[in-house]
Amino acid sequence: MIRLGVPSKGRLMQDCFDWFGARGVVMKRSGSDREYSGVVEGVEGVVPVLLSAGEIPRELAAGRIHLGVTGSDLVREQLAEDEVAEVAKLGFGQADLVIAVPNVWIDVETVDDLDAAAAAFRKAHGHRLRIATKYHRLVRDFLQAQGVADYQLVDSQGATEGTVKNGTAECVADITSSGETLRANHLRILSDGLIHSSQAVLWASRMAEWSAEDRAAMEQLVQRLGVRSPL
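Residues numbered from 1 in each chain as written. Predicted model: local features only at pLDDT ≥ 70, side-chain atom pairs only at ≥ 80, totals over all residues. Heavy atoms only, no water.

1. Considerations on the overall build of the protein
Short version of the rule: The secondary structure listing takes helices from DSSP runs of H or I that are at least 4 residues long and strands from runs of E that are at least 2 residues long, numbered from the N terminus. For every residue, the accessible area (1.4 Å probe, protein chains only) is compared with the maximum for its type, and the residue is labelled buried under 20%, exposed over 50%, or partly exposed between those bounds. Should any heavy atoms of two residues lie within 4.5 Å, those residues are considered in contact. Only the protein chains shown count as cover for residues, with accessible areas throughout obtained via the Shrake-Rupley method and a probe of 1.4 Å. Charge convention: Lys and Arg are scored as positive, Asp and Glu as negative, and His as well as the terminal groups of each chain are ignored. The location of each charge is read from NZ of Lys, CZ of Arg, CG of Asp or CD of Glu.
Counting its regular elements, the protein contains 8 helices and 12 strands. Relative to its 231 residues, the protein shows a buried fraction of 48%. Within the protein, contacts between residues separated by at least 24 positions form 68% of all contacts whose residues are at least 6 apart in sequence. As displayed, the protein offers around 11,500 Å² of accessible surface, 46% of which is attributable to carbon and sulfur atoms. Between the mean site of the 25 positive side-chain charges and the mean site of the 32 negative ones, the protein shows a separation of 2 Å.

2. Quick notes on the nonpolar core
Operational definition: In this text, buried Ala, Val, Leu, Ile, Met, Phe, Trp, Tyr and Cys residues form a nonpolar core when linked through side-chain atoms within 4.5 Å.
Core analysis: the biggest nonpolar cluster contains 30 residues, and L4, F20, M27, L67, L90 and L202 have the highest contact counts within it. Setting aside chain neighbours within four positions, we find F20 in contact with L4, V25, M27, V69, L202 and L225. In this structure, L97, A117, L129 and A173 belong to the second largest nonpolar core, which totals 24 residues.

3. Concerning unusual backbone geometry
Non-glycine residue A159 carries a positive phi angle of around 55°. Along the chain, A159 falls in the loop between β9 (151–155) and α6 (163–166).

4. Description of the sheet that holds strand β5 (residues 67–71)
Cut-off, in case you're wondering: One bridge is not enough; two strands pair if DSSP finds at least two bridges between them. Between the N-to-C directions of two axes lies an angle of 0 to 180 degrees, each axis being a line fitted to C-alpha atoms and, for a helix, fitted only over the stretch in contact.
The strand order across the open sheet built from 5 strands is β4-β1-β5-β12-β6, with neighbouring strands paired in mixed fashion. On the outer flanks of this sheet lie β4 (46–51) and β6 (84–89), each paired with one strand and no other. Strand-to-strand twist across the sheet, computed as the mean angle between neighbouring axes with direction ignored, equals 30°. Bridge analysis of strand β1 (residues 2–7) against β4 gives 6 bridges, and the strand direction is parallel.

5. Some details on the packing of aromatic side chains
How two aromatic rings sit relative to each other is set out by the distance from centre to centre and by the angle between their planes. Worth spelling out the cut-off: Note on aromatic contacts: the rings of Phe and Tyr and the six-membered ring of Trp form a pair at centre separations within 6.5 Å, being stacked when their planes are under 30 degrees apart, edge-to-face when over 60 apart, and tilted otherwise.
Per the counting criterion, the structure on display carries 1 aromatic pair. Taking 5.1 Å as the distance between ring centres and 80° as the angle between the ring planes, the aromatic pair formed by W19 and F20 counts as edge-to-face. The same class applies to W19 and to F20, which are both buried.

6. Remarks on the UniProt feature "domain: ATP phosphoribosyltransferase catalytic" (unreviewed entry) in the protein
The cut-off we apply is this: UniProt positions are given in the numbering used here, feature names are shortened, and annotations may be inferred rather than shown by experiment.
Cross-referencing UniProt, the feature "domain: ATP phosphoribosyltransferase catalytic" (unreviewed entry) maps to residues 53–225 in the present numbering. Helix makes up 36% of residues 53–225 and strand 31%. Its end C-alpha atoms lie 21 Å apart.

7. What about the side chain of E161?
Stated precisely, the cut-off is as follows: When a carboxyl oxygen of Asp or Glu is within 4 Å of a side-chain nitrogen of Lys or Arg, the pair counts as a salt bridge.
Relative to the assigned elements, E161 resides in the loop between β9 and α6. Of the buried charged residues, E161 lacks a salt bridge, with K134 as the closest side chain of opposite charge at 10 Å. Ignoring anything within four residues of it in the chain, the contact list for E161 reads D174, T181, L182, N185 and L187.

8. Let's talk about the environment of I99
Checked against the element boundaries, I99 lands in strand β7 (residues 95–102). C-alpha of I99 to C-alpha of L4: the two residues are 95 residues apart in sequence and 33 Å apart in space. Once residues lying within four places of it in the same chain are set aside, the contact partners of I99 are L114, F142, L143, V172, A173, R188, I189, L190, G193 and I195.

Here it is, written out as structure tokens:
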């Protein structure tokens, strides 16, 4: 039996149900809204497992679910490439991971400008410029590729946009869909500061055990969805 991890609540859950439903695979909750279980109609051998979007990458990596719907930002940040395979981009849940700096930094428009500002900051203050984020891998890889070195990442698991005002960071790397919250906190996205464009993706776990029956069910599912199986 294929275990399919789907978001357990909110807009992401409904968008997920709508995407599958439009392709003839109807998913719905079973029982009350407080129960994290569901049913699938239109394809055999698949059972939905309702999880938070943040839990789905972990369950994919552990092989406890065969398939999962979650943001590409979370998977690229948390998992190795050989742990999962992309099945399909779903076209909802779009958001961008970006670098944003205070509006008062009028001379910092690009990543190169940030590199120069970081070097000057270290010389003036005796420590590296702090960038608040929860996306350490993605941000580090991006800055390394751009040749930026004089910085340190500060972990932020919530309200990242407020860290500059609170004095715990000089700038941020955060996920945003509109940029409105960043602007409300007097932050400006660098012109070339896009790190990753995220959206909801259907992933297949390479760590799960795929029996012959599971693979047969997967073939039936991907045919119904009109996508290719990565297995």
